[in-house]
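So the chains spell out like this:
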Amino acid sequence: MVARSRGMNEIMKELFQERLGEECGEAFYELYAWWLLALARYDEFNRLFGSRRHVEHLNAIGGGFFGDVQHIFWDDLMLRLCRLTDPVGAGTRRNLTIQIMPGLCAPTLRNGIQSLVDQAVEAVGFARDHRNRRIAHADYHLALRQDCEPLPAASLEKAKRSLDSIHAVLDTVLVSQSGRGIDNHVTTAVPGAEALLAYTSQMARALVFIDSIVDSTGESSHTDSGVVEEFLRKLGRPLEEVDEVMELRAAAKRLRGPNR
């Protein structure tokens, strides 16, 4: 029989269990993995929608679609923050959250860890209200725009502070019991957001460049078939390709933007 090689996840879990104890280490590993995924979601959201230039670029490509992606990514980040900091619960219905960590640590560490947990829970309060009244449930008064307490402001800055406060809990637990901490950044093996922006930016520049060759003066409308026909004649291309070139010019105009 061929022995199955251990994956990196198994190795990491065993490492945490060696340093923190079996139960604490296993819980810590899961929380650390969830926090890392939440940080990755924040990172991708920030790269895609954190600047006006990127938002305008994505709107030119497909505003409706990327608008949906923006809402889905944001709500997913809110849910991840809540999941990491929710109450532990009682009885048979228990949740795995950072609120369980003080009870799994050595008695001498519990007060310090509990203080950091309380700070993290407070930092995520804005996301929890959005989760409770907008994402997971539709609050009656809020949905009908009746007199009610408005949702708290939500921002990338608040989300990052929340992630930092959760990191503080995990990092302190690991440092206090093993002398080594965890990095507060994520390295994505395949940077999806960066790749998307890079590839679509290349596409946009290529289309705008081709359009500048079709109409070197930049004075004609993208619906001017005469300019396109003259361009095709110079290339010795069949005039039946007019529609394709006009579609290209329309895309170039959209990607160039109205003010460029």
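Source: prediction; values computed, not measured.

Draft legend 1. Inspection of helix α10 (residues 225-235) at higher detail. Taken residue by residue, α10 has Val-228, Phe-231 and Leu-232 as its buried positions. Each buried residue of α10 lies within a common arc of 95° when the element is viewed along its axis, so the set occupies one face. The inward-facing, buried residues of α10 abut α9 (192-214) and α11 (242-256). The N-cap of α10, judged by a side-chain oxygen 3.0 Å from the amide nitrogen of Gly-226 a few residues on, is Asp-224. Directly beyond the C-terminal end of α10, a positive phi value near 70° is found at Gly-236.

Draft legend 2. Expanded view of the packing of aromatic side chains. Enumeration over the complete set of coordinates arrives at 7 aromatic pairs. Where Phe-16 meets Tyr-32, the ring centres are 5.6 Å apart and the plane angle is 75°; that geometry is what we call edge-to-face. Within this pair, whereas Phe-16 is found in helix α1 (residues 8-20), its partner Tyr-32 is found in helix α2 (residues 22-49), the two being separated by 16 residues in sequence. In this structure Phe-16 comes out as buried when scored by relative accessible area, which is 2%. Judged by relative accessible area, which is 16%, Tyr-32 ranks as buried. Cluster of aromatic residues (ring-pair linked, three or more members): Phe-16, Phe-28, Tyr-29, Tyr-32 and Trp-35. In this arrangement the basic side chain of Arg-41 is found over the ring face of Phe-73, its NZ or CZ atom lying 4.1 Å from the centre.

Draft legend 3. Quick peek at a nonpolar patch on the surface. On the surface, a nonpolar cluster with roughly 280 Å² of combined accessible area is contributed by Phe-209, Ile-210 and Ile-213. By the element assignment, Ile-210 lies in helix α9. Accessibility expressed as a relative area gives 33% for Ile-210, which makes it partly exposed.

Draft legend 4. The arrangement of the pattern of salt bridges in detail. The final tally for this structure, using the stated rule, is 16 salt bridges. Note that Arg-233 is salt-bridged to Glu-229, the shortest N-O span being 3.9 Å. Of the two residues, Arg-233 and Glu-229 both sit in helix α10, 4 residues apart, roughly one turn of that helix. Its salt-bridge partner being Glu-230, residue Arg-233 comes within 3.8 Å of it at the nearest N-O pair. Residue Arg-233 and its partner Glu-230 are located together in helix α10, separated by 3 residues, close to a single helical turn. The class of Arg-233 is partly exposed, set by a relative accessible area of 48%. Residues joined in a network through salt bridges with shared partners are Arg-41, Asp-76 and Arg-80.

Draft legend 5. Molecular detail of the nonpolar core. Formed by 46 residues in total, the largest nonpolar core has its most connected members in Phe-28, Trp-35, Leu-81, Ile-98, Met-101, Ile-166 and Leu-170. Elements supplying a minimum of two residues to this core: α1, α2, α3 (52-85), α5 (107-123), α6 (125-135), α8 (156-178) and α9. Take this core: its biggest share by element is 12 residues, from α2. Every residue in contact with Leu-170, bar those within four places of it in the chain, is listed here: Phe-28, Leu-31, Tyr-32, Trp-35, Ile-98 and Ile-182.

Draft legend 6. Layout of the packing of α3 against α9. Between α3 and α9, the shortest axis-to-axis distance is 11 Å and the interhelical angle comes to 95°. Between α3 and α9, the angle falls in the class roughly perpendicular. Every residue of α9 that contacts α3 at His-54, His-57, Leu-58, Ile-61 and Phe-66 is listed here: Leu-196, Leu-197, Thr-200, Ser-201 and Ala-204. Taken together, the residues of the contact of α3 with α9 sort by class into 6 nonpolar, 4 polar and no charged.

Draft legend 7. Here's a closer look at the side chain of Ser-220. Its location among the elements puts Ser-220 in the loop between α9 and α10. At 2.9 Å, the side chain of Ser-220 and the side chain of Asp-215 are in polar contact. Engagement of the side chain of Ser-220 in a polar contact is seen with the side chain of Arg-249, the distance being 3.2 Å. Contacts of Ser-220, omitting those with residues within four sequence positions, involve Asp-215, Val-227 and Arg-249.

Draft legend 8. How the structure looks around the packing of α5 against α8. The N-to-C vectors of α5 and α8 enclose an angle of 165°; their axes lie 7 Å apart at closest approach. As judged from the angle between their axes, α5 and α8 are roughly antiparallel. Note that α5 runs across α8; the crossing there is left-handed. Across from Leu-109, Ile-113, Leu-116, Val-117, Ala-120 and Ala-123 in α5, the residues of α8 making contact are Ser-162, Ser-165, Ile-166, Ala-168, Val-169, Thr-172, Val-173, Ser-176 and Gln-177. Partitioned by chemical class, the residues of the contact of α5 with α8 number 10 nonpolar, 5 polar and no charged.

Reading the values: the criteria
- Just so you know, the residues in each chain are numbered from 1, in the order the chain's sequence is written.
- The predicted nature of this model means local features are confined to residues of pLDDT at least 70 and side-chain atom pairs, given and counted, to a pLDDT of 80 or more, with totals for whole chains, interfaces and linings taken over all residues.
- Only hydrogens and water are set aside when side-chain values are computed; all heavy atoms of the structure are taken into account.
- Accessibility here uses a 1.4 Å probe with only protein chains present; expressed as a share of the type maximum, an area under 20% marks a residue as buried, one over 50% as exposed, and anything in between as partly exposed.
- Helix and strand assignments come from DSSP, with helices taken as H or I runs of at least 4 residues and strands as E runs of at least 2, each series counted from the N terminus.
- Here, the arc refers to the directions that run from the helix axis to the C-beta atoms.
- Any pair of residues with heavy atoms lying within 4.5 Å of one another is described as a contacting pair.
- Each polar contact in these results corresponds to two N or O atoms within 3.5 Å; when the atoms are within protein, one needs to be able to donate a hydrogen and the other to accept it, and residues that are neighboring in sequence are counted only if both atoms are side-chain atoms.
- Note on aromatic pairs: the rings of Phe, Tyr and Trp (six-membered ring only in Trp) are paired at centre separations within 6.5 Å, and the planes decide the class, stacked below 30 degrees, edge-to-face beyond 60, tilted for the rest.
- Charge-over-ring contacts are defined here by two conditions on Lys NZ or Arg CZ: a distance within 6 Å of the ring centre and an angle within 35 degrees of the ring normal.
- Patch construction takes residues with relative accessible area above 30% that form no salt bridge. Like charges are linked within 9 Å, and nonpolar side chains (Val, Leu, Ile, Met, Phe, Trp, Tyr) are linked within 5 Å.
- Accessible surface area values rest on a Shrake-Rupley calculation with a 1.4 Å probe, where residue burial reflects the displayed protein chains alone.
- In the sections that follow, a salt bridge refers to a side-chain nitrogen of Lys or Arg positioned within 4 Å of a carboxyl oxygen of Asp or Glu.
- Each nonpolar core is a collection of buried residues, namely Ala, Val, Leu, Ile, Met, Phe, Trp, Tyr and Cys, held together in the definition by side-chain atoms within 4.5 Å.
- Between N-to-C directions, angles cover 0 to 180 degrees, with each direction set by a line fitted to C-alpha atoms, over the stretch in contact for helices.
- Orientation labels follow simple angle bins: below 35 degrees gives roughly parallel, above 145 gives roughly antiparallel, 65 to 115 gives roughly perpendicular, and whatever is left gives oblique.
- All residues other than Ala, Val, Leu, Ile, Met, Phe, Trp, Tyr, Cys, Pro, Asp, Glu, Lys and Arg, Gly among them, are scored as polar; the first ten of these are nonpolar and the last four charged.
- Crossing handedness is defined as follows: a turn of the near helix away from the far one that is anticlockwise and smaller than a right angle gives a left-handed crossing, while the clockwise case is right-handed.

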